[in-house]
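One-letter residues, chain by chain:
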Amino acid sequence: VLCHSIAGGTGSGMGSYILEQLNDYFPKKLIQTYSVFPDATTTEVVVAPYNQILSSKRLIENSDCTIVLDNTKLNTIATERLQIKNPSVSQLNSLV
């Protein structure tokens, strides 16, 4: 199981690299990923759409199952359902 973000450089680049290495070292094992995709309209990272495309290609090639999570919806769950006014990154990660 691999949990990673798709928007930034570390989550998408390093996460995809680790996924590829896991698939090379353990080709017979099932690999499942939990991938957090950003909201394309509010992202602060200019290259986020390119990171998403490149990471998606590696996800298709190297994972057996990918659970796609939307960062905006995670925020909505934390604020509306859990009544957290300003959710921190660790609080959002605990939802995953």
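Description of the structure in this document. Computed from a predicted model, the values in this text were never measured in an experiment.

What counts and how
- Residues numbered from 1 in each chain as written.
- Predicted model: local features only at pLDDT ≥ 70, side-chain atom pairs only at ≥ 80, totals over all residues.
- Heavy atoms only, no water.
- Pairing = 2+ DSSP bridges.
- Helix = DSSP H or I, 4+ residues; strand = E, 2+ residues; numbered from the N terminus.
- Axes fitted to C-alpha atoms, helices over the stretch in contact; angles between N-to-C directions.
- Contact = heavy atoms within 4.5 Å.
- Core = buried A, V, L, I, M, F, W, Y, C linked by side-chain atoms within 4.5 Å.
- Buried < 20%, exposed > 50% of the residue type's maximum accessible area, 1.4 Å probe, protein only.

A few points about the sheet that holds strand E2 (residues 32-37)
For step 1, the next point in the chain: Read from one edge to the other, the open sheet built from three strands follows the order E1-E2-E3, with strand pairing classed as parallel. The outermost strands of the open sheet, each flanked by one partner alone, are strand E1 (2-5) and strand E3 (65-70). Between one strand axis and the next, the sheet turns through 20 degrees on average, direction left out of account.
For step 2, the next point in the chain: Of the strands in this sheet, E1, E2 and E3 are in contact with helix H2 (residues 48-62), which crosses E2 at around 170 degrees.
For step 3, the next point in the chain: In this fold helix H3 (residues 71-81) packs onto E2 and E3, with an angle of close to 60 degrees to the strand it touches most, E3.

Overview of the nonpolar core
For step 1, the next point in the chain: If you look at the biggest cluster of nonpolar residues, it comprises six residues: Leu2, Ile6, Leu19, Ile31, Phe37 and Leu59.
For step 2, the next point in the chain: Excluding residues that lie within four positions of it along the chain, Leu59 makes contacts with His4, Ile6, Leu19, Thr33, Ser35, Phe37 and Thr66.

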